[in-house]
Every structure is written in C-alpha cells, then in structure tokens.
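# An overview of the molecular structure
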Amino acid sequence: MARWCYRHRLVVLLLWVGALFGLGFSASTAGTNYANVFSLPDTDSKSAYDLMEKAFPNTSGDTDTVVWKVDDGSVRDQAVRDRIRPALDEIAKMPGVGAVTSPYGAQGAAQISQDGTIAYAQVTFVKRANEVPKGLVEDVVDTAHGAERAGLQVELGGQAIQRVQEPPQGLSETVGIVAAAVVLFLAFGSFFAMMLPIAIAVFGVGMGLFATQLLSHTTDVPDIAPLLASLIGLGVGIDYALFIVTRHRRGILRGLDPEESAVTALNTSGRAVLFAGGTVCIALAGMLVTRLRFLDGVVIGTSLTVVLSVLAATTLLPALLGFLGPRVLSRRQRRRLADQGPEPEHASGLAARWSTGVQKRPRRTAALALVFMAVLAVPVLSLRLGATDQGNDDSSTTTRKAYDLLAEGFGPGFNGPLQVVTEGGGTSTLVKGLQDTPGVARVAALPPARGVTVIQVVPTTSPQSVATDRLIDRLRDDVIPAAGAQAHVGGVTAVSKDFASVTGDRLPLFIATIIGLGFLLLLVAFRSLVVPLTAALMNLIAAAASFGVLVAIFQWGWGLELLGLGKEGPINAFLPVIMLSLLFGLSMDYQVFLVSRMHEEWVHTRDNARAVRVGLAETSRVINSAALIMVCVFMAFVLSGDSGAAMAGVGLAAAVALDAFVLRTALVPAAMHLLGNSNWWLPGWLEKRLPHLAVEPGEEAAVPVAEVRADGGPASAVHGFVRTTEGDPVEGAAVTLLSAGGRQLDRVVSLADGSYIVSVPAPGTYLLAATAASYGSRARHVVVGQGPLVYDVELAEGEVDAVN
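It should be emphasised that the depicted structure is a prediction, and the values quoted were computed from it without experimental measurement.

### Here's the deal with the overall build of the chain
Tallying secondary structure elements over the chain gives 24 helices and 20 strands in all. Along the first, second and third principal axes, the C-alpha atoms of the chain reach 110 × 55 × 45 Å. Counting across all 804 residues of the chain, residues that qualify as buried make up 56%. Long-range contacts, defined as pairs at least 24 residues apart, comprise 77% of the intrachain contacts of the chain with a sequence gap of at least 6. As displayed, the chain offers around 33,200 Å² of accessible surface, 58% of which is attributable to carbon and sulfur atoms.

Set out below in structure tokens:
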C-alpha cells in the first residue's frame with residue numbers, strides 16, 4: 001500500500017483534498033447541533049429533573065443574569081433606576097429574548113439584597129445557550145454594560161454570557177500548531193520535513209471535526225467533544241507522522257533510495273502507528289463501560305479523529321514523501337550525503353550516552369524515577385470530584401464578577417440552589433423540616449404545577465463546598481424521610497454531586513477494562529507476558545502522578561494565577577474518565593514505539609541488554625520530541641476559554657511529559673535491564689494459542705536449505721580481529737553470527753590478540769554482532785561468497801550500534 005501511494009501520489013493527494021473540502025462544505029451547510037445531555041439513570045437528581053420537566057415543559061431557554069451594585073446609597077434610588085430600567089427594557093425588546101424579570105417589578109423584592117446595594121435581573125432567551133446567536137449575546141452584554149457609571153457596577157453571568165467571553169474559535173489549535181512547527185523545525189532542520197506532520201494533523205483533525213459536526217445531527221454530541229477531538233487529534237496526528245518521517249529520513253541518510261526508504265518506514269514505523277492508533281481508540285472506547293451518555297459523543301468524536309489521523313499518516317504521508325523525494329532532508333544533510341556517502345548504522349550522541357548510562361546503573365535510575373513519580377502522586381490522595389462553575393472563571397471576567405456579587409449580596413449558596421421536587425400535596429411538613437435543617441439559608445415553595453411542587457432551597461455554603469455535599473445527603477437520608485414525603489433533590493449542584501458519585505463508583509471497572517484490553521494487545525503484539533505487565537504498571541504510575549499534578553494546580557490552586565486559569569475548585573467529575581482514556585492511549589503509543597524497536601533488535605540478536613540499549617538510543621530522541629510537541633499542543637488549550645478543556649490540557653501535558661521524559665526514558669528501560677531475558681518470556685502453550693499480530697515486518701527466511709552443504713559442515717567462515725579505535729586488541733569480546741531472520745548460527749569469544757572465526761553454513765547475507773563489557777557494541781550485515789570473508793571489527797566506548 002505504501003508503494004502504491006508513493007507512486008500514485010497525485011491521485012492520493014487529490015482524493016484527500018476532495019474529501020476534506022467535501023466534508024467541510026457539508027458541515028458548514030448543515031451547521032452544528034451539539035447537545036450536553038447529562039443523563040444519570042437511577043439517580044435522585046434525574047428523578048427530580050423528570051418531575052420538573054413534567055411540570056415545566058417549556059423552560060428550555062437559557063436563563064442568564066444581569067447583576068448591579070452601587071457603592072453608595074441603594075439600588076432602589078431613582079438615579080439607579082433611571083440607568084438600569086432603560087437597559088433592561090432594551091434587552092427585553094431584542095429578538096431572541098423571551099423575557100426579562102426585573103427587581104423593579106411587582107414581585108421583584110426578593111431580587112434585591114437585604115442591604116439594598118446589590119440587585120439582579122434574569123434574562124431568559126428562547127433557545128438553549130449553545131443555540132443563542134453570539135451577536136445577540138454581545139448586544140445584551142454591551143447594553144447592560146452601557147448602564148454603568150461611576151459608583152454603579154454592572155456584570156453579567158450565565159452560560160450564554162460565558163460563551164461570548166471565550167477566545168476566538170481555533171486560537172488554541174493555531175497556537176498549538178505554531179509551537180509544534182517550531183519544535184519540528186528544530187528537530188528536522190528542514191522546512192519541508194517540518195510541514196509534513198503539520199499537514200497530516202490538519203487533514204486528520206479537519207476531517208474529524210467536520211465529520212463530528214455532521215454526526216451531531218444524528219446523535220447527542222456535547223460541545224466539549226470537538227475541543228477534545230482537536231486536542232487529541234493534533235497530538236497523535238503530528239506524533240504519528242513524526243515517527244514515520246524520522247524513520248524515512250534515517251533510511252535516506254543510510255543510503256536507501258527515497259521510495260525504498262518510504263516503503264521501509266511505513267513497513268516498520270507505519271505498523272507501529274496502526275497498532276498505536278488502535279490502542280488509543282480502544283482506550284477511548286473504554287469510556288463506554290461507564291454508561292454515561294454524556295461521554296458517548298466524546299468517544300465518537302475523538303475516536304473518529306484518531307482513525308482519520310492514522311489513515312492520513314499511512315496513505316497521505318507516503319504520497320507527500322513522494323513529492324518531496326530527498327528534499328525531506330535539510331540542504332546540509334543532502335550535501336553531506338553527496339560528499340561523504342551514507343551514514344553508518346549506529347546511534348551516537350546524548351541519546352546513546354544516556355542509554356549506556358541506564359544500562360550501567362539500572363537500579364539507581366529506577367529508584368530515582370520511582371521516588372520522583374511517587375512525590376508527584378501524593379496530592380492525588382486528596383482528589384475531590386465535582387463540577388466547576390463560573391466561580392472558577394478568571395477574576396477579570398464579567399461572569400466571575402457577577403458570581404461574586406451574587407454571593408456577596410445573597411449568600412454563597414445562591415449561585416447553586418437546590419430544588420426539592422415532590423409530586424402531590426401536603427408539603428408544609430417538608431417545608432418546615434427544610435427550614436429547620438442546619439446549613440439551609442432560605443426555603444421558598446413555588447406554586448404547584450401539574451401536581452408537582454418545587455421547593456427552592458438555598459444552602460449557606462457555596463456549590464463547590466464539601467458542606468453542601470453533606471447537606472444534600474442529609475436532605476435525602478434524613479429530612480425528606482422524616483417528613484414522610486416522596487421527594488427528590490435536584491438542581492445543578494445535586495446533578496454535579498450525583499455525576500461525581502456515579503463516576504467514582506464506575507472508575508475501577510473503567511480502569512480495569514482499559515488496562516486489560518491494553519495488556520491483551522501488547523501480549524499478542526510482543527509475544528511476552530512481562531512487557532504488557534510492565535506497561536500496565538507504568539500506566540498506573542503515570543496516571544497517579546499526573547492526577548497529583550492536576551490536584552495541586554486546580555484543587556489546591558498552585559500556579560493557577562500564573563496560568564490565568566481562575567480560582568481553585570474540585571476536579572471536573574468527567575475529567576478522570578476522559579483523561580485516563582487519552583493518557584492510557586498515548587502512554588501505550590510510546591510503549592509501542594519504544595518496545596517495538598527493542599523487540600526488532602531482540603528478534604535479530606537475542607541479546608536483551610543490547611536490544612534495550614539500542615531501542616532506547618534510537619527512539620528516545622524521537623519520543624521526547626513527540627512528547628514536547630504534545631505538551632505544546634495540550635498546553636495551548638489553556639487558551640480555549642473552556643475550563644474543562646483547559647483542565648484536560650494541563651493534565652494531559654503533565655501526563656505526557658512525565659510519561660515520556662521519566663517513565664519511557666528512564667524507568668521502563670531500567671526495569672527491562674533488571675528483568676533481563678525474562679522480558680520476552682511466554683509459556684509455550686500460550687504461544688501456540690495466541691493469534692499472530694506483528695508490529696514489526698515479517699522476518700526474512702534465513703538461508704535456503706538447498707544451499708547448505710550435504711555433509712552438514714560449514715560452507716565458509718568469517719574471521720578477523722576485534723580491536724579498539726586505537727588499534728589495540730580486544731580480548732573476550734563476544735562475536736555472534738545470526739541469520740537474516742535473527743537465528744543464532746555461531747558464537748565465539750575473541751582471543752588475546754583479538755582474533756575470532758565463526759562458521760558460515762552457506763553463501764548469503766548475515767548479521768555479525770560483536771560486544772565487549774568495557775566497550776560499546778557493533779553489528780553489521782556481511783555478505784559471504786564462496787570463500788572465507790575477512791572482516792575486522794572496531795569497538796568504541798559509549799557507541800550503540802543499530803540493526804535495521
């Protein structure tokens with residue numbers, strides 16, 4: 001497939017461009033129909049909501065608030081009325097505004113604070129918040145703010161108001177792409193190579209978002225789904241292309257024709273991309289076991305974007321590589337290739353030195369990494385799930401100011417009232433019990449409608465307070481049963497509490513599901529029990545540490561002002577499920593890319609220490625570059641204006657950084673060195689029953705049987721000397737001859753003068769590997785003809801060779 005896409009590159013490019021523009025035109029014509037459906041079956045707040053919907057079926061429009069405060073005097077003063085009334089009357093006449101409830105009306109006394117300095121009016125739109133035209137909301141905001149004067153402060157709150165103070169759509173994506181482009185240019189040194197991963201991400205995310213927008217007309221998709229889909233799509237799209245382009249560039253530098261290099265890159269790194277994309281989708285699909293309808297649309301949007309990003313990386317990317325040819329290298333690299341010829345097949349520099357250092361000190365490296373991750377994970381012990389509201393907005397926003405004014409004038413609980421909903425009459429005993437309950441500030445029973453009575457209960461504490469959660473439990477467990485009533489506690493605060501409880505209860509099953517599925521995938525891919533067990537443990541460590549960082553920032557408030565993310569509060573209840581899905585998927589990506597390179601080397605040499613050393617040396621730089629790009633993309637979502645997306649962005653940025661820079665670069669290779677050959681252990685009975693799913697390309701046949709001598713003796717030999725770069729003989733170096741498929745044919749130890757000789761069964765291409773304890777290692781493909789081959793080996797300290 002890669003070769004076909006490379007040779008028919010114009011056709012492939014036109015198909016992708018046509019698909020992108022076709023989907024974009026369809027999506028723009030159809031518009032959006034995102035819907036936030038918090039359906040929590042078998043919960044008390046859901047029962048309350050059902051009763052309220054029966055009593056008030058036509059209250060679907062969004063209700064927002066205009067709040068004003070005077071520094072001196074009272075809001076009842078005529079001068080204040082003359083400023084506020086005309087503004088409210090003008091807002092009421094705007095098309096799309098259903099009603100405005102003013103405190104200056106006949107029943108508006110309750111909308112003025114006891115000290116008379118703060119009042120509010122309610123603006124009810126005819127549509128839901130996400131459907132209200134942005135222009136209308138901006139007109140409401142401008143009209144209300146136009147009534148301000150010295151000594152009179154006017155602020156606005158509500159979901160529709162919050163939408164207009166968000167940054168322009170696409171700002172966070174643009175910032176993330178620009179940051180990723182800078183990292184890519186520094187990594188590649190080539191403008192064309194830099195543009196390849198960006199182009200793949202744009203195609204994958206663009207088509208994913210357009211498709212998600214169209215699907216919002218057929219199923220419930222929350223408005224946070226496209227944000228999360230673009231967040232994960234940009235990250236994986238750029239990363240997947242980065243892995244393939246890096247392998248392709250390495251192939252050209254080592255002398256391969258551009259077409260062969262592209263085919264080889266897709267046949268190696270491309271397989272890992274397919275496998276990694278599958279693990280991300282499986283991790284995302286694990287959200288379905290929570291049975292939270294709100295997350296179904298998130299699974300659809302993010303999974304679809306990942307699939308399209310993988311498809312772009314495996315079909316569009318080879319076509320683009322065909323257009324570029326050798327220009328995927330920088331000018332300097334092309335000149336050096338022309339002047340000096342292909343580069344040797346070894347890894348050197350910082351990555352090789354680090355890999356050798358990990359091999360020499362695996363216990364110390366593992367211990368330091370574990371201690372560091374454990375310290376970061378400590379805050380997770382105080383994790384509290386809940387919901388953020390406008391009280392968590394930045395202090396400079398009008399929604400946060402309105403929230404604070406309402407709390408100041410009417411009490412902290414006014415921003416999150418509870419609704420006790422009962423069907424039938426006889427509510428006096430219940431009302432009396434509610435009024436006598438500690439923690440209740442005010443109780444007001446609304447007139448019955450369709451046999452349903454709604455009792456408004458204002459707590460003395462804020463919606464995010466632990467005391468408010470305890471009050472809800474007290475009402476449900478003690479107060480309502482004591483009154484002999486059949487009532488349910490609802491409202492936004494109660495829904496948030498129930499959502500957090502349901503999520504917490506189902507979280508263990510969810511974690512077990514995604515860990516189990518990931519374990520099975522790695523078991524089949526790497527034919528090992530230890531590798532998937534190590535991956536599962538590392539994923540749990542990464543999750544604990546990243547949530548520790550999240551708690552310290554968003555719940556404890558460390559660095560919130562620096563990030564401009566408002567006020568501390570509980571962690572969004574839906575975030576653990578979404579974040580763990582993305583984290584486990586991305587962690588599995590890095591595990592697959594790291595271990596697949598190790599496994600490739602293990603298959604060829606059967607030397608665990610060498611396999612781990614080479615795998616780390618060859619992949620650590622690209623994994624760290626990919627992680628740095630991910631961190632830039634995720635951190636850019638702090639600019640999205642959505643608190644949920646900002647929280648997810650910071651959490652995922654921390655998770656990816658810790659996973660790549662600490663776990664995959666230090667702890668995983670150190671643990672694999674300590675475990676030795678048992679990394680690749682698999683019981684024989686299980687090996688026979690497992691299906692075959694190769695992450696690496698299939699092995700070539702070793703040597704045709706017909707070419708082996710009839711008497712079973714060696715057809716030839718390879719002999720020579722093992723020396724240092726200074727020419728000194730190396731005694732005791734292990735020299736191994738392997739078939740092209742990785743089967744060991746002969747193994748000897750060099751003598752005091754450094755000489756060695758290994759037997760060759762027949763003419764052909766073989767792998768000759770040499771390693772010594774005090775030096776690095778070297779492996780070369782050698783071609784043996786009819787006679788013996790003389791081949792000298794040089795070993796240099798700190799150098800790590802690679803087999804490709």
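Once the structure has been displayed, the description carries forward.
### Quick word on a negative patch on the surface
Where like charges cluster on the molecular surface, the negative patch consists of Glu-90, Glu-138, Asp-139 and Asp-142. If you tally residues by element for the negative patch, the top one is helix α5 (residues 134-145), at three residues. Counting through the fold element by element, Asp-142 comes out in helix α5. What makes Asp-142 exposed here is its relative accessible area of 53%.

### So, the sheet that holds strand β13 (residues 734-738)
With respect to topology, four strands assemble into an open sheet ordered β14-β13-β16-β17, the strand pairing being antiparallel. Looking at the sheet topology across the chains shown, the edges are occupied by β14 (744-749) and β17 (777-784). Across this sheet, the average inter-strand angle for adjacent strands is 20°, counted without regard to direction.

### So, the packing of helix α22 (residues 608-636) against helix α23 (residues 643-675)
How two helices pack is summed up by the angle between their axes together with the distance between the axes. At their nearest, the axes of α22 and α23 sit 9 Å apart, and the two run at 175° to each other. When the axis of α22 is compared with that of α23, the two are roughly antiparallel. By residue class, the composition of the contact of α22 with α23 is 19 nonpolar, five polar and two charged.

### Side note on the pattern of salt bridges
Scanning all chains against the criterion turns up 15 salt bridges. Glu-259 is paired through a salt bridge with Arg-3; the nearest N and O atoms lie 3.1 Å apart. Placement of the pair is Glu-259 in helix α10 (residues 258-285) and Arg-3 in helix α1 (residues 2-7), with a sequence separation of 256 residues. For Arg-3, a relative accessible area of 28% gives the class partly exposed. For Asp-436, the salt bridge is made with Lys-432, and the minimal N-O distance between the two is 2.6 Å. Taking relative accessible area as the criterion, Asp-436 reaches 51% and is therefore assigned exposed. When its relative accessible area of 47% is taken as the criterion, Lys-432 is described as partly exposed. Through salt bridges with shared partners, one network takes in Arg-3, Arg-7, Glu-259 and Glu-260.

### Overview of the packing of aromatic side chains
By the definition in use, this model includes eight aromatic pairs. Seen in terms of ring centroids, Tyr-120 and Phe-410 are 5.3 Å apart; in terms of plane orientation they differ by 85°. Their pairing is edge-to-face. On the criterion of sequence distance, the pair formed by Tyr-120 in strand β3 (residues 118-125) and Phe-410 in helix α15 (residues 398-410) is long-range, its members being 290 residues apart. Since its relative accessible area comes to 9%, Tyr-120 is described here as buried. Residue classification places Phe-410 among the buried residues on the basis of a relative accessible area of 8%.

### Topic: the confidence of the model for the chain
Reading fine detail from the predicted coordinates is not recommended where pLDDT is low. The predicted model of the chain averages 84 in pLDDT, with 92% of residues at 70 or higher. Across the chain, the element-wise mean pLDDT spans from 52 in strand β20 (residues 800-801) up to 95 in helix α14 (residues 362-377). Here residues 698-713 is a poorly scored stretch, pLDDT under 50, and it has 18 contacts once near neighbours within four places are set aside; other chains count.

### Describing the pairing of strand β9 (residues 452-459)
Looking along a regular strand, one sees side chains alternate from face to face of the sheet. Most of β9 is tucked away, with seven of its eight residues classed as buried. Pairing analysis gives six bridges linking strand β7 (residues 418-423) to β9, with the strands arranged antiparallel. Looking across to β9, one finds that Glu-423 is bridged to Val-452. Pairing of strand β8 (residues 440-445) with β9 involves five bridges; the strand directions are antiparallel.

The rules behind each value
Residues numbered from 1 in each chain as written. Predicted model: local features only at pLDDT ≥ 70, side-chain atom pairs only at ≥ 80, totals over all residues. Heavy atoms only, no water. Helix = DSSP H or I, 4+ residues; strand = E, 2+ residues; numbered from the N terminus. Buried < 20%, exposed > 50% of the residue type's maximum accessible area, 1.4 Å probe, protein only. Contact = heavy atoms within 4.5 Å. Areas by Shrake-Rupley, 256 points an atom, 1.4 Å probe, with all protein chains shown as cover. Patch = residues over 30% accessible without salt bridge, like charges linked within 9 Å, V, L, I, M, F, W, Y side chains within 5 Å. Salt bridge = Lys/Arg side-chain N within 4 Å of Asp/Glu carboxyl O. Lys, Arg positive; Asp, Glu negative; His and termini not counted. Charge placed at Lys NZ, Arg CZ, Asp CG, Glu CD. Pairing = 2+ DSSP bridges. Axes fitted to C-alpha atoms, helices over the stretch in contact; angles between N-to-C directions. Parallel < 35°, antiparallel > 145°, perpendicular 65-115°, else oblique. Nonpolar A, V, L, I, M, F, W, Y, C, P; charged D, E, K, R; others polar. Phe/Tyr/Trp six-rings, centres within 6.5 Å; stacked < 30°, edge-to-face > 60°. pLDDT = per-residue confidence, 0-100.

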